[in-house]
Amino acid sequence: MSRAVTADHVLFDECIDAFRREQKDSTSDFMGKSKSYLLTAFELNQNRDLGICVVHLSIRVHLPGTYSAFISVVENPDWVGTHNSHLFGIA
């Protein structure tokens, strides 16, 4: 179970449970495809099928000033669910 995040960080050990498919709580039964998002400093120019998930190619985002980043959609496995699906992407 993850804690409410009041700061701008998530602890890695909170994300480990996202890899354990045998753990299931009643909040993970939401309908819909489970997705998470990766924010990177480099571009992925093709989809990456990692066996357990698919990382899609990057979309460049221009931020204020001289900053920019790349965002990739991650298709999580079905057993991750949609509640706290971002924890899978962080891990």
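Before reading on, note that the structure itself is shown above.
Parameters at a glance
Residues numbered from 1 in each chain as written. Predicted model: local features only at pLDDT ≥ 70, side-chain atom pairs only at ≥ 80, totals over all residues. Heavy atoms only, no water. Pairing = 2+ DSSP bridges. Helix = DSSP H or I, 4+ residues; strand = E, 2+ residues; numbered from the N terminus. Salt bridge = Lys/Arg side-chain N within 4 Å of Asp/Glu carboxyl O. Phe/Tyr/Trp six-rings, centres within 6.5 Å; stacked < 30°, edge-to-face > 60°. Buried < 20%, exposed > 50% of the residue type's maximum accessible area, 1.4 Å probe, protein only. Contact = heavy atoms within 4.5 Å. Polar contact = N/O pair within 3.5 Å; in protein donor to acceptor, adjacent residues only side chain to side chain.

**Some points on the pairing of strand β5 (residues 68-75)**
Alright, step 1. Both strand β1 (residues 35-40) and β5 contribute to a ladder of six bridges, which runs antiparallel. The residue bridging lysine 35 from the neighbouring strand is glutamate 75, located in β5.
Alright, step 2. Where strand β3 (residues 54-55) and β5 come together, two bridges link them in antiparallel fashion. What sits directly across from valine 55, in β5, is valine 74.
Alright, step 3. With four bridges connecting them, strand β4 (residues 59-62) and β5 associate as antiparallel partners. In the sheet register, isoleucine 59 faces β5, and the bridge partner there is isoleucine 71.
Alright, step 4. Taking the residues between adjacent antiparallel strands as the criterion, β4 and β5 are bridged by five residues, where glycine 65 takes a positive phi near 75°.

**Regarding the pattern of salt bridges**
Alright, step 1. The full count for this structure, using the stated rule, is one salt bridge.
Alright, step 2. Notably, a salt bridge pairs lysine 33 with aspartate 78, separated by 3.1 Å at the nearest N-O pair. Of this pair, lysine 33 sits in the loop between α1 (12-15) and β1 while aspartate 78 is found in the loop between β5 and α2 (86-90), placing the two residues 45 residues apart along the sequence.

**Notes on the packing of aromatic side chains**
Alright, step 1. Taken as a whole and assessed by the stated rule, the structure comprises one aromatic pair.
Alright, step 2. Ring centres 6.2 Å apart and planes at 85° place the aromatic pair tryptophan 79 and phenylalanine 88 in the edge-to-face group.
Alright, step 3. Take tryptophan 79: its relative accessible area is 25%, and that puts it in the partly exposed class.
Alright, step 4. When its relative accessible area of 4% is taken as the criterion, phenylalanine 88 is described as buried.

**Looking at the environment of serine 36**
Alright, step 1. Turning to its location among the elements, serine 36 is positioned in strand β1.
Alright, step 2. Taking the C-alpha atoms as reference points, serine 36 and glycine 89, separated by 53 residues in sequence, lie 5.3 Å from one another.
Alright, step 3. Every residue in contact with serine 36, bar those within four places of it in the chain, is listed here: Ser72, Val73, Val74, Asn76, Ser85, His86 and Gly89.
Alright, step 4. For serine 36, the side chain forms a polar contact with the side chain of asparagine 76, separated by 3.0 Å.

Geometry only, nothing functional implied.
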